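Chain and residue survey
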Amino acid sequence: MDGLDFLRRARTLDSDAAVIVITGAGDIKTAIESLMCGALRFHHQARHVEAVLIAPERALERRQLLMERREYHAMLERRVGEATRDLARP
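The following refers to the structure shown.

Rules behind the numbers
Residues numbered from 1 in each chain as written. Predicted model: local features only at pLDDT ≥ 70, side-chain atom pairs only at ≥ 80, totals over all residues. Heavy atoms only, no water. Salt bridge = Lys/Arg side-chain N within 4 Å of Asp/Glu carboxyl O. Helix = DSSP H or I, 4+ residues; strand = E, 2+ residues; numbered from the N terminus. Contact = heavy atoms within 4.5 Å. Core = buried A, V, L, I, M, F, W, Y, C linked by side-chain atoms within 4.5 Å. Buried < 20%, exposed > 50% of the residue type's maximum accessible area, 1.4 Å probe, protein only. Arc of directions from axis to C-beta. Right-handed = clockwise from strand over helix to strand, strands pointing away.

Quick word on the pattern of salt bridges
Summed over the entire model, instances satisfying the criterion amount to four salt bridges. Through salt bridges with shared partners, a single network forms among D5, R8 and E33.

Next up, the structure:
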């Protein structure tokens, strides 16, 4: 299994997975394919050392925002459902 296979599998298991691809031998084709397969970021380790160091923190922030958004939407759906039931009562 190569990195792209792993990326595809991870995204199959969790479509919101924040996958960061870090490679020592990446080319533009691999970068584009990784991003098209759902990678959050693609870094060549030798060129983007600072970006590689902050990427996990950014990924965690993104994941937290996605989870908060889901919770917010679920809460809104519950409230709309309650309001609809209240309006339907005689």
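A short note on the side chain of S34
Turning to its location among the elements, S34 is positioned in helix α2 (residues 28-36). Contacts of S34, omitting those with residues within four sequence positions, involve L4, L7, V21, A39 and F42.

Let's talk about the nonpolar core
The biggest cluster of nonpolar side chains holds nine residues, and these are L4, L7, A10, A17, V19, V21, A31, A39 and F42. Residue contributions to this core peak at three residues, all from helix α1 (residues 3-13). With near-sequence residues (within four places) excluded, A17 lies in contact with A10, R11 and R63.

Remarks on α1
If you check which residues of α1 are buried, you get L4, L7 and A10. Across the axial projection of α1, the buried residues extend over an arc of 120 degrees, all falling on one side. Turned more than 90 degrees from where α1 packs its buried face, F6, T12 and L13 sit exposed. At its buried positions, α1 is contacted by α2.

Comments concerning the environment of A83
Relative to the helices and strands, A83 resides in helix α3 (residues 49-88). Taking relative accessible area as the criterion, A83 reaches 37% and is therefore assigned partly exposed. With 47 residues separating them in the primary sequence, A83 and M36 have C-alpha atoms 41 Å apart.

Here's the deal with the pairing of strand β1 (residues 20-23)
When a strand is regular, its side chains alternate between the sheet's two faces. On β1, burial follows the alternation: V21 and T23 on one face are buried, whereas I20 and I22 on the facing-out side are not. Taking the sense of rotation as the criterion, the β-α-β connection linking β1, α2 and strand β2 (residues 41-44) turns out right-handed.

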